[in-house]
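Take a look at the letters that make up each chain.
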Amino acid sequence: MIRDITIGQYYPADSLIHKLDPRTKLVGTIGFIVSVFLFHTFVGYAVATIFLAGMILLSKVPVKFIFKGLKTIFMLLLITIFFNMILTPGEVVWKLGFIKVTNEGLVLAGTMAIRLVYLVIGSSIMTLTTTPNQLTDGLECLLRPLNKLHVPVHDIAMMMSIALRFIPILLEETDKIMKAQIARGADFENGNLIQKAKNMVPLLVPLFISAFRRANDLAMAMEARCYHGGDNRTQMKPLTYKMRDHVAYVVMIAYLAVAIGFRAAGI
Amino acid sequence: MGIIKAFKLGFDYLKYDEDGNVEATQRAVNDVNLDIEAGDFVAVLGHNGSGKSTLAKQMNALLIPSEGTMWVDDMDTAKEPELWKIRQRAGMVFQNPDNQIIGTVVEEDVGFGPENMGVPTDEIWKRVDDSLKKTGMTAYRYQSPNKLSGGQKQRVAIAGVVAMRPSCIVLDEPTAMLDPNGRKEVLEAVSELNKKENVTVILITHYMEEVIHANKVYVMDGGNVVMQGTPREIFSQVETLKKYRLDVPQVTLLAHELHKAGVDIPEGILTKEELVGALCR
Amino acid sequence: MSIELKNVTYTYSQGTAYESHALKDINLVIPDGQFIGVIGHTGSGKSTLIQHFNALIQPTSGQIFYNGENVWAENYNRRALRSEVGLVFQYPEHQLFENTVLADVCFGPMNQGLSKEQAEKEAKKALAHVGVKEENFTKSPFELSGGQKKRVAIAGVLAMNPKILILDEPTAGLDPQGRDDILDQIAALHKMRGITIILVSHSMEDIAKYVERLIVMNHGEMVFDDTPKNVFSHYKELEGMGLAAPQITYIMHALSENGLNVDTTATTVEEARDTILEALKKQKPSLLKKGGNAE
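Model, not experiment: these values are computed from the prediction. (Residues numbered from 1 in each chain as written. Chains lettered and ligands numbered in written order. Predicted model: local features only at pLDDT ≥ 70, side-chain atom pairs only at ≥ 80, totals over all residues. Heavy atoms only, no water.)

**Some words on a nonpolar patch on the surface**
All names here are of chain A. To keep it simple, the criterion reads: Patch membership requires more than 30% relative accessible area and the absence of a salt bridge. Residues of like charge join within 9 Å; the nonpolar side chains Val, Leu, Ile, Met, Phe, Trp and Tyr join within 5 Å. For the area figures, the Shrake-Rupley method with a 1.4 Å probe applies, and any residue is considered shielded solely by the protein chains shown. Salt bridges are defined as contacts in which a side-chain nitrogen from Lys or Arg sits within 4 Å of a carboxyl oxygen from Asp or Glu. In this description a helix means any DSSP run of H or I spanning at least four residues, a strand means any run of E spanning at least two, and both kinds are numbered starting from the N terminus. Summary of the burial criterion: residues with accessible area below 20% of their type's maximum are buried, those above 50% are exposed, and those between are partly exposed, where the area comes from a 1.4 Å probe applied to protein chains only.
A contiguous nonpolar surface patch, about 720 Å² in accessible area, is contributed by Phe74, Met75, Leu78, Ile79, Phe82, Phe83 and Leu87. Note on placement: leucine 87 falls in helix H5 (residues 74–87). Leucine 87 sits in the exposed class, given a relative accessible area of 61%.

**Some thoughts on the interface of chain A and chain B**
Rules: By the convention used here, residues are in contact when the closest approach between their heavy atoms is within 4.5 Å. Buried area is calculated as the accessible area (1.4 Å probe) missing from two parts once they are joined, with the contributions of both summed. Think of a polar contact as two N or O atoms within 3.5 Å of one another; within protein, one of them needs to be a possible hydrogen donor and the other a possible acceptor, and neighboring residues in sequence only count if both atoms come from side chains. All amino acids are sorted into three groups, where Ala, Val, Leu, Ile, Met, Phe, Trp, Tyr, Cys and Pro are nonpolar, Asp, Glu, Lys and Arg are charged, and the leftover types, Gly among them, are polar.
In this complex, chain A contributes 29 residues to the contact, which on the side of chain B involves 39 residues. Buried area between chain A and chain B, both sides added, is near 3,100 Å², and the carbon and sulfur share of it is 56%. Of all residues in chain A, the largest losses of buried area upon contact with chain B belong to Arg165, Arg225 and Met236 of chain A, amounting jointly to 30% of the total for that side. At the junction of chain A with chain B, the criterion picks out five salt bridges. Our count for the contact surface shared by chain A and chain B stands at 17 residue pairs in polar contact (both at pLDDT 80 or more). Listing elements by their share of the side of chain A that touches chain B, those giving two or more residues are helix H7 (132–143), helix H8 (153–182) and helix H10 (201–224) of chain A. For the side of chain A that touches chain B, the element with the highest residue contribution is H10 of chain A, accounting for nine residues. Of the residues that constitute the side of chain A that touches chain B, the class distribution is 14 nonpolar, seven polar and eight charged.

**Overview of the sheet that holds strand S3 (residues 41–46) of chain B**
Residues and elements named next belong to chain B. Formally: Here, any two strands with at least 2 DSSP bridges between them count as paired. Structural elements are reduced to axes, namely lines fitted to C-alpha atoms, with helices fitted over the stretch in contact, and the angle between N-to-C directions of any two is expressed from 0 to 180 degrees.
Read from one edge of the open sheet, six strands run S6-S7-S8-S3-S9-S10, paired in mixed fashion. Of all the strands in the sheet, the pair left with one neighbour each is strand S6 (90–93) and strand S10 (224–229). Averaged over all neighbouring strand pairs, the angle between strand axes comes to 20°, with direction disregarded. Both S3 and strand S9 (residues 216–221) contribute to a ladder of five bridges, which runs parallel.

**As for the pattern of salt bridges**
In total, this model carries 41 salt bridges over all chains according to the counting rule given. Here aspartate 187 of chain A ties to arginine 79 of chain C by a salt bridge, and the two come within 3.3 Å at their closest N and O atoms. Of this pair, aspartate 187 of chain A sits in the loop between H8 and helix H9 (193–199) while arginine 79 of chain C sits in helix H2 (residues 78–84), placing the two residues on different chains. Owing to a relative accessible area of 18%, aspartate 187 of chain A belongs among the buried residues under this scheme. Arginine 79 of chain C gets classed as partly exposed once you look at its relative accessible area, which sits at 35%. Notably, a salt bridge pairs glutamate 271 of chain C with lysine 229 of chain C, separated by 2.9 Å at the nearest N-O pair. Placement of the pair is glutamate 271 of chain C in helix H11 (residues 269–283) and lysine 229 of chain C in helix H8 (residues 228–232), with a sequence separation of 42 residues. Owing to a relative accessible area of 31%, lysine 229 of chain C belongs among the partly exposed residues under this scheme. What emerges from the salt-bridge pattern is a single network uniting Glu123, Arg127, Asp130, Lys134, Arg165 and Glu197 of chain B.

Right, here's the structure in full:
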């Protein structure tokens, strides 16, 4: 279960998508998400699907790997579908007690599900093909104008990058702590909600303590390697747009134009 | 004057009460004098809690002495306004391999130090290539550090320090969390740097086998340097080392036991070959 | 009373590109009262193996029996099994969580359903058996030194009164004295409580000194299951697996090659000393000083 989380994991491969500038990918992902909300008909989603499938193929990341990331939002997905189904007023197609499923509800639930799934897949492609460092470099670069508003952009970017690096480590650690406590008879599965919450204490305390210790160690290691914030810092991989990025922007603009066009035309 | 020099060095950890006043002090390092020559391979031995890590962190200005003075390359760590100058000269490798790698790709991590120092991009790449080669990690440069073994992670950490072109490397128990193969890997990388690149090495450890090749060994106990000398001088005092919660390599111990049992054999034997030589003359 | 593994195989990420065998067809019986060592380089499958012993991992195929009962049978009580087969992991930081040492050690017995008083009784007994002083009972486990933390972690499992105690690298990160203290304590437990000990270690010297049976893992397979002396006589093969024999083994072979008639199966310093003295008496009495004695 824990191993299934793919968000924030980098999948090394040599593909066009991997080579794109992270800024291109960030802007592209935002563009794609916008398009998913612009489309509202079957034809529109077909276009989005083709676009997404194309990106997956270009990225050379195994499809299985991308879909694994969906497992984590499965519950959220079910809840969304359920509430959209029963809470949307309209033509009733099925009824049980006070629960009414409407035609409009089914359509809305389907739309929401597609949007949610595409949103996750779209952003997974970005995180799977971009190392967290590149990603934060990209974000830092795109958000640099905010520096003028005294937003500490560099620091935020650094924090994000470190958080991303430690997610897999902490997940693995969670696994180990769980096993150590299960070996002492801990029970993480049974009991009511309150009991379950209480049973988490033996897991959470060691996890937090370890996280703080790691943070402390890491801060020291960074200082030891001369880290002193973003001032006078150079970059090993400075961001420069290449030909392929310009092409990608053109493709993206064309795709968005289609989305806007469809919306305007009501398709 | 040596590259790292300490004079009457003392360090206190302070414990604060709820109002932020000093409640108690704990002496971690006491009256330590060091003079480490450029190019040396120095080992600092001591049991857990003997003050050896606290001493190491002062060599890198991560801790500033409470008493006395520490000089790194003639810079007083307490007075130098630009601490990163000191940190560049005396690079540091820590115990836990996971908690010191910042990058998510090996080569990016190696480039982290030079980036912080403001080294131009082309030069960073040169240094990264060079450091990966010197630590034998070139084949892993595009990998995620999470996929590496403990020994490999420590070599990445060493490469990260080497890329800062330090004149000395302080390694604070770099092998404590590794298996025997990982330990060997790290030690080989370190002694290679010492021999080929003439980098001064200060190795903090409690594994006795690791200090045999050092030029000089300091033994710490209760914050004080209690013994110093060549490995042979140190290891010939088996009983004293035991008093400081340390032991000696098994070959040294065996020679010591034989000596005690009345065999005409010198103390302080460090290798299998020496023992064979002494017994099969 | 025993653990028995029959054709146990464990495969990671079955059916994916990452598929790899962590264990391959392991057959093994662990009878009562033995002191067993498990060695193997990192990734050899030894951690996976020990987690099968207390049903933390379910084998991909094969069976595991405890006292003749299949532990993965439908209605088998695996929680009860885990208090019979105690497992202490490498890092005490992964299990310590309570405010005081005593409360932490009580966690296991309380999970077994004991009352607070009974649990404390068991906890105090276990703490005493691993050599934690009473003045430390009320301290926070996080204030303790590495060696003390490790003891508390072992007590946390011991308090459940296991019949079998598995320890995953209990000496990692400890200084030499701390290492010897813990191992002596474990050996004393073995004698005092008569429980089976399974010790995973990287240190061949420790293994040679303490265990009576040695299991060697390599690439998920069990390559040796014999007395340490017999296993270490295959030291060239061990090297091929990224392992080594104790230093003493190498010394004895070197001495023997140079004409000293010593017993090359000696693995501890004491054994080596005795056989060398024996050989010197016969071959080179001139090296023995007057007044020295063989003790």
